[in-house]
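# Remarks on the overall topology
Take a look at the letters that make up each chain.
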Amino acid sequence: MTVITDIEDLRVLHKKRAPRMFYDYCDSGAWTERTYRSNQADLQDLKFRQRVAMNVDRRSIASTMLGQPVAMPVALAPTGLAGMQWADGEILAARAAEAFGVPFTLSTMSICSIEDVAAHTTKPFWFQLYVLRDRAFIERLIERARAARCSALVLTLDLTILGQRHKDVKNGLSTPPKPTVANLLDLLRRPRWCRNMLGTPRRQFGNIVGHVDGVGDTSSLASWTSAQFDPTLDWSDVEWIKRRWGGPLVLKGIMDAEDARHAADSGADALVVSNHGGRQLDGAPSTIEALPAIVDAVGPRIEVWFDSGIRSGQDVLRALALGAKATMIGRAYLHGLGAMGEAGVTRCLEIIRKELDITMAFCGRTDVRQVDRSILLPRHP
Ligand SMILES: Cc1cc2nc3c(=O)[nH]c(=O)nc-3n(C[C@H](O)[C@H](O)[C@H](O)COP(=O)(O)O)c2cc1C
């Protein structure tokens, strides 16, 4: 039995258990992967001020996101194909998040459908929307999210054009995997994944297949989706979606202070400083580099959240110190899911909770909502 003590342990197990093309889909970034790597590296470069004798006996890491209480300021980010890392992955991750008391975001490109996740959970989750050319389909997706009692819409703005990940091209990423010799040999080494996957009917994009005319199988779906991402997206579309949805709106993929001002002006409730985990614009700064200017630009007008590169509770604390109100995690929880299903997502959240709580205490603080830049050493003393 492997003893799991950190997210890295979950990553190693994920790599062993999930088919290579899905593991690689998760653990890769665009082109040279420089931005992907700098997300983590720049977070880790921030040093904490260690404090002593400050009575840190009674501590709280509880907070709020969109006015709702959360056990800690960490939500599960939307991730496509989570149901390929582990059978029924989105349902399992949503259940783990619900039991833990943090929000779960279902991706447009999920395997389990909105309705399916709603049927297997008891509390509202969030739905992430991509702007697609087929606006009638978007209207239906928004209606479906509303009918499923989703409590927030996360609108992703940084994927109107697809960044390229070399590994996905080389692996011939497809859902389900094509029966090539290389894929079959790889699957033979993952008997548990195969068994679980054969035991579930959920193996296609659940929000799309059966809901769009002419999309029935994988090949028609692949051509439909690649033609659907919409580079004409502008702020008038954001307003249109805000009106159609009418509920709490989160804008994801903001990396620039000017765009952050547009986001605040749009009346959205939160924005996520995100470079899509380094999967889109290679050469963009790390998100922790971009965060302070965005916080300074829009401050209290809109909740500023942060993602990309978080692999520990220390990283969560670093983002909070530089002004984020809350964070999202992508790969950290996918590693848990791909390693051990629902139990792995729970383990990921437990690890981050413990690291966040203890690191905060070492910094002499007792309330995660009061953390600020003074817990960090100045970068260039
Ligand atoms: C495998 C994978 C799939 C993703 N799919 C989506 C998606 O469907 N929609 C979206 O808005 N973001 C998607 N993202 C980006 C995440 O929401 C999040 O911004 C990113 O994972 C944060 O970086 P981290 O993985 O280092 O935590 C995806 C990320 C990964 C790793």
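Data block above holds the structure.
Residues numbered from 1 in each chain as written. Predicted model: local features only at pLDDT ≥ 70, side-chain atom pairs only at ≥ 80, totals over all residues.

## Here's the deal with the site of the ligand
The criterion, for reference: A molecule or strand has a residue near it when that residue's C-beta atom, placed from backbone coordinates, lies within 6 Å of it. Only DSSP runs of H or I covering at least 4 residues are called helices, and only runs of E covering at least 2 are called strands; the numbering of each starts at the N terminus. Following the grouping adopted for this structure description, the nonpolar residues are Ala, Val, Leu, Ile, Met, Phe, Trp, Tyr, Cys and Pro, the charged ones are Asp, Glu, Lys and Arg, and the polar ones are all others, Gly among them.
Lining the immediate surroundings of the ligand are 25 residues, of which Ala-77, Ser-107, Gly-277, Gly-330 and Arg-331 lie closest. If you list the elements that add at least two residues to the shell around the ligand, you get α2 (20-26) and α16 (331-362). Along the lines of polarity and charge, the residues of the shell around the ligand split into nine nonpolar, twelve polar and four charged.

## Here we look at the sheet that holds strand β5 (residues 126-130)
Strands in a sheet are paired, the pairing made by backbone hydrogen bonds, and the direction either parallel or antiparallel. Threshold: In this analysis, strands are considered paired if DSSP registers two or more bridges between them.
The parallel open sheet is built from eight strands, whose spatial order is β3-β10-β9-β8-β7-β6-β5-β4. Each edge of the sheet is formed by a strand with only one pairing partner; in this case those strands are β3 (74-76) and β4 (105-106). Relative to strand β7 (residues 249-254), strand β6 (residues 152-156) runs parallel, the two sharing four bridges. Among the inter-strand pairings, Val-154 is bridged to a residue of β7, identified as Val-250.

## Some thoughts on the nonpolar core
Note the cut-off: A set of buried Ala, Val, Leu, Ile, Met, Phe, Trp, Tyr and Cys residues, joined to one another through C-beta atoms within 7 Å, is what we call a nonpolar core. Three exposure classes are used, all based on how many other C-beta atoms lie within 10 Å of a residue's own C-beta (placed from the backbone): buried at 20 or more, exposed at 12 or fewer, and partly exposed between those limits. The contact criterion used is a C-beta to C-beta distance within 7 Å, with each C-beta placed from the backbone.
Counting residues in each nonpolar core, the largest one holds 113 residues, and the members touching the most others are Ala-93, Leu-155, Leu-251, Leu-271, Val-273, Leu-291 and Trp-305. Take this core: its biggest share by element is 13 residues, from α16. Non-local contacts of Leu-251, meaning those with residues more than four positions away in its chain, are made with Leu-155, Leu-157, Val-238, Ala-263, Ala-268 and Leu-271.

## A short note on the pairing of strand β9 (residues 303-306)
Put simply, the rule is: Here, the term right-handed applies to a crossover whose path from the first strand over the helix to the second runs clockwise when the strands point away from the viewer.
Side-chain alternation along β9 places Glu-303 and Trp-305 on one buried face and Val-304 and Phe-306 on a second face that is also buried. Here strand β8 (residues 270-273) runs beside β9; their pairing, made up of four bridges, is parallel. When the sheet's bridge partners are listed, Ala-270 is paired in β9 with Glu-303. Sheet topology places β9 next to strand β10 (residues 326-329); two bridges connect them, and they run parallel. By the bridge assignment, Trp-305 is partnered in β10 with Ala-326. In terms of handedness, the path from β9 via helix α15 (residues 313-321) over to β10 forms a crossover that is right-handed.

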